[in-house]
2 protein chains.
Amino acid sequence: MTKKQASDIAALIKKSHSILLTTHINPDGDGLGSGSALVSVLSKMGKKVDFINRDPLPDIYRFLPSSGKIKNINKVKGCYDLAIFLECPDLARNGHIIDHIKQAKRTINIDHHLGNVMYGDLNVVEPKAAAVGMQLYQFMQFNGWKISKDVACGLYTAIVTDTGSFAYSNTSPEVHQVTAELIKAGANPNQISGEVYATTLSSTRLMAKMLTALKFEGKAAWSVVTKKMFKETGAKESDTDNFINSIRSIRGVDIAVLFKEVTADSVKVSFRSKHGVDVNMIATELNGGGHKYASGCFIKKPVKEAEKLVISEIRKYFKTRKK
Amino acid sequence: MTKKQASDIAALIKKSHSILLTTHINPDGDGLGSGSALVSVLSKMGKKVDFINRDPLPDIYRFLPSSGKIKNINKVKGCYDLAIFLECPDLARNGHIIDHIKQAKRTINIDHHLGNVMYGDLNVVEPKAAAVGMQLYQFMQFNGWKISKDVACGLYTAIVTDTGSFAYSNTSPEVHQVTAELIKAGANPNQISGEVYATTLSSTRLMAKMLTALKFEGKAAWSVVTKKMFKETGAKESDTDNFINSIRSIRGVDIAVLFKEVTADSVKVSFRSKHGVDVNMIATELNGGGHKYASGCFIKKPVKEAEKLVISEIRKYFKTRKK
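Residues numbered from 1 in each chain as written. Chains lettered and ligands numbered in written order. Predicted model: local features only at pLDDT ≥ 70, side-chain atom pairs only at ≥ 80, totals over all residues. Heavy atoms only, no water.

(A) Structural detail: the sheet that holds strand S12 (residues 294-299) of chain A. All names here are of chain A. Within the open sheet, the 6 strands sit side by side as S7-S8-S9-S10-S12-S11. Their pairing is mixed. Each edge of the open sheet is held by one strand with a lone partner, namely strand S7 (215-217) and strand S11 (289-290). One ladder, built from 3 bridges, connects S7 with strand S8 (residues 220-225); its direction is antiparallel. When the bridges of S8 are listed, Glu217 appears paired with Ala220. (Pairing = 2+ DSSP bridges. Helix = DSSP H or I, 4+ residues; strand = E, 2+ residues; numbered from the N terminus.)

The structure is reproduced here in structure tokens:
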């Protein structure tokens with residue numbers, strides 16, 4: 001974020017009384033932590049702030065300072081002086097809950113995704129930023145805004161989740177420098193990590209079943225979560241968010257695949273890879289897509305047939321690659 | 001570390017030609033990463049350096065820059081000008097592999113454990129240091145030693161493992177500031193985390209069995225790893241180091257217990273707790289001990305009897321606590 005952008009955002013906030021904050025569907029720690037930080041700071045400034053998302057707050061984020069004020073609905077009502085979109089590369093990703101032309105006099109789009117379509121009146125899009133939380137920290141620094149304990153907690157949550165606990169390749173020296181300042185300002189790493197990485201008994205039971213069903217061939221390993229497993233354990237879909245990492249982290253596994261049964265005839269497939277293996281190529285063959293090391297697809301087949309299809313695509317990939 | 005201590009260490013190193021480095025039994029990321037960093041820097045200074053430990057290097061640390069030079073033996077031979085003990089509160093913890101009075105002209109003891117018995121000629125014991133790696137970073141800073149990429153990799157490994165990926169309560173702002181500098185010096189967070197947190201297929205299979213055997217009662221949850229499970233999966237004891245954290249991180253679980261069958265008639269029991277629950281009190285009742293949130297004991301009974309005994313102690317603890 002440039003100093004100019006930071007002062008432009010501050011000017012828009014200053015002249016706005018009612019402000020809408022919103023993030024993407026299936027909200028994550030970056031969107032929710034960043035939004036929570038903004039709720040804290042804007043409320044203190046006397047603004048009327050609403051933080052509205054299409055999807056509900058996952059339980060692991062209930063500890064966020066302003067979590068009680070986060071609403072989830074399908075359509076935003078009324079008109080705001082200003083709408084701030086956090087981590088939404090386009091309006092579909094936000095879930096189309098607001099007609100941002102009619103329902104907001106001004107729109108700010110703060111994001112770190114490549115391919116953001118620049119739909120705001122002011123667009124601060126920085127693919128190199130590790131998290132929107134990093135962008136907001138800079139924004140507050142440029143404007144000399146004090147980081148309260150609540151703001152620090154929100155921004156820390158944004159950063160710790162979007163960097164995979166400081167392990168992903170987006171973890172720059174700057175990420176650690178900002179994190180040091182957030183801890184000084186009152187963020188509690190131990191408490192926040194405990195909340196964000198807490199599991200549930202039902203998700204642990206599901207994890208046990210998923211790991212028991214693990215299969216492997218060559219440099220690929222995969223497993224399934226079926227509707228029956230969900231029923232037997234009482235786990236929710238969101239409980240499986242990190243499951244694929246337990247497969248990916250196995251030494252010797254370069255492609256990890258997780259099959260989630262959606263209906264008796266359809267499966268959501270997630271891919272993760274390492275050591276140069278490009279799962280985006282495999283997902284694309286199956287009408288899906290994503291990134292080199294993380295992608296996915298949707299297959300309209302029963303889970304066992306989907307498994308065969310995917311494994312044959314993986315075999316093809318490795319054969320072609322060797323040539 | 002004070003500037004005086006740092007310059008005293010540097011002076012002892014300067015006048016020594018042969019230097020022995022060593023860490024504790026069952027060496028961890030802090031001892032090995034710190035030692036690896038010292039091997040790099042002392043070798044470059046032209047010193048004859050041996051890094052010798054009683055127990056072998058776990059596979060996950062083979063990526064360390066000087067891992068090929070790390071030896072494990074039961075008795076150190078010969079006499080060194082200087083021995084540097086890393087993370088050894090006493091000589092038993094080092095495995096008694098060296099008679100430090102006869103086999104080293106001078107001894108330096110660098111540690112961050114409460115209860116270090118100050119057995120060195122020079123003792124730098126700082127319980128507030130998050131890792132010995134943090135102490136070594138300060139030492140090099142005070143002396144103006146350049147942090148090479150290899151040194152940065154070793155110190156980063158020390159810090160990331162001893163802070164639980166920057167999540168334990170020892171994660172101070174200073175930890176993040178130092179980490180930022182280590183990344184600038186060439187440490188690769190993504191690569192190192194990938195190595196250190198890599199699992200194996202056999203440990204994943206054992207984890208599946210352990211999680212399947214999970215039981216709970218009130219705020220306690222526990223599981224077992226039996227000799228049969230080890231045999232069926234081919235996993236090693238060291239593979240189970242992080243298992244108890246999967247139990248501890250379950251929401252609502254304040255006491256996590258893991259029973260590891262050692263023989264048909266003996267069990268190693270590990271305790272972890274949160275939310276103020278003091279497992280040291282429970283372990284002490286069972287002739288073990290440790291810390292408030294992490295302790296253990298050894299029970300000479302078959303695993304099922306040990307389980308009954310421990311659970312009854314936990315029930316007693318909660319009853320007494322409520323009064």
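Now that the structure has been shown, we can carry on.
(B) Seen up close, the relation of the copies chain A and chain B. At an RMSD of 0.1 Å, chain A and chain B line up after a rotation of 180° and a shift of 0.0 Å along the axis. Read as a symmetry element, the transformation amounts to a two-fold axis. By residue overlap, the copies meet face to face through one surface: 100% of the interface positions of chain A are interface positions in chain B. (Least-squares fit on C-alpha atoms with pLDDT ≥ 70 in both. Contact = heavy atoms within 4.5 Å.)

(C) Region of interest: the domain arrangement of chain A. Here the domain parsing of chain A yields domain 1 (3-196) and domain 2 (203-322). If you average the C-alpha positions of domain 1 of chain A and of domain 2 of chain A, the two centres end up 31 Å apart. (Domains from an automatic or database assignment.)

(D) Spotlight on the sheet that holds strand S6 (residues 122-125) of chain B. Residue and element names in this part refer to chain B. What the 6 strands build is an open sheet, ordered S3-S2-S1-S4-S5-S6; its pairing is parallel. Only two strands of the sheet have a single partner each, and these edge strands are strand S3 (70-72) and S6. The average angle at which neighbouring strand axes cross in this sheet is 25°, direction not considered. Here 3 bridges tie strand S2 (residues 48-53) to S3, and the two strands are oriented parallel to one another. When the sheet's bridge partners are listed, Asn53 is paired in S3 with Asn72. Along the sheet, helix H2 (residues 29-44) makes contact with strand S1 (18-22), S2, S3 and strand S4 (80-86), crossing S2 at roughly 165°. The sheet strands contacting helix H3 (residues 132-142) are S4, strand S5 (104-111) and S6, and the helix crosses S5 at an angle near 115°. (Axes fitted to C-alpha atoms, helices over the stretch in contact; angles between N-to-C directions.)

(E) Seen up close, the nonpolar core. In this structure, Ile84 and Leu182 of chain A together with Ile84 and Leu182 of chain B are the most contacted members of the largest nonpolar core, which totals 106 residues. Excluding residues within four positions of it along the chain, Leu182 of chain A makes contact with Tyr137, Ile147, Ala152, Leu155, Tyr156, Ile159 and Ala187 of chain A. Met207, Val253 and Ile311 of chain A together with Leu286 of chain B belong to the second largest nonpolar core, which has 82 residues in total. (Core = buried A, V, L, I, M, F, W, Y, C linked by side-chain atoms within 4.5 Å. Buried < 20%, exposed > 50% of the residue type's maximum accessible area, 1.4 Å probe, protein only.)

(F) Region of interest: the interface of chain A and chain B. Facing 39 residues of chain A, the contacting portion of chain B comprises 39 residues. Interface area for chain A against chain B, summed over the two sides, is near 3200 Å², with a carbon-plus-sulfur share of 60%. When the buried surface of chain A facing chain B is broken down by residue, His176, Leu201 and Arg251 of chain A rank first, second and third, together holding 19% of it. Applying the counting criterion to the chain A and chain B interface returns 2 salt bridges. One salt bridge connects Arg251 of chain A with Glu195 of chain B, and the closest N-O pair in it is separated by 3.6 Å. Counting every contact that joins chain A to chain B gives 11 residue pairs in polar contact (both at pLDDT 80 or more). Those elements that provide at least two residues to the side of chain A that touches chain B are helix H5 (173-184), helix H6 (189-196) and helix H7 (201-212) of chain A. Of all the elements, H5 of chain A adds the most residues to the side of chain A that touches chain B, at 8 residues. Partitioned by chemical class, the residues of the side of chain A that touches chain B number 18 nonpolar, 15 polar and 6 charged. (Buried area = accessible area lost by both parts, 1.4 Å probe. Salt bridge = Lys/Arg side-chain N within 4 Å of Asp/Glu carboxyl O. Polar contact = N/O pair within 3.5 Å; in protein donor to acceptor, adjacent residues only side chain to side chain. Nonpolar A, V, L, I, M, F, W, Y, C, P; charged D, E, K, R; others polar.)

(G) Structural detail: the pattern of salt bridges. Residue and element names in this part refer to chain A. By the definition in use, this model includes 32 salt bridges over all chains. The salt bridge partner of Lys71 is Asp50, with a shortest N-O separation of 3.3 Å. On the criterion of sequence distance, the pair formed by Lys71 in strand S3 (residues 70-72) and Asp50 in strand S2 (residues 48-53) is long-range, its members being 21 residues apart. A residue is classified by how much of its surface remains accessible, and Asp50, at 12% relative accessible area, is buried.

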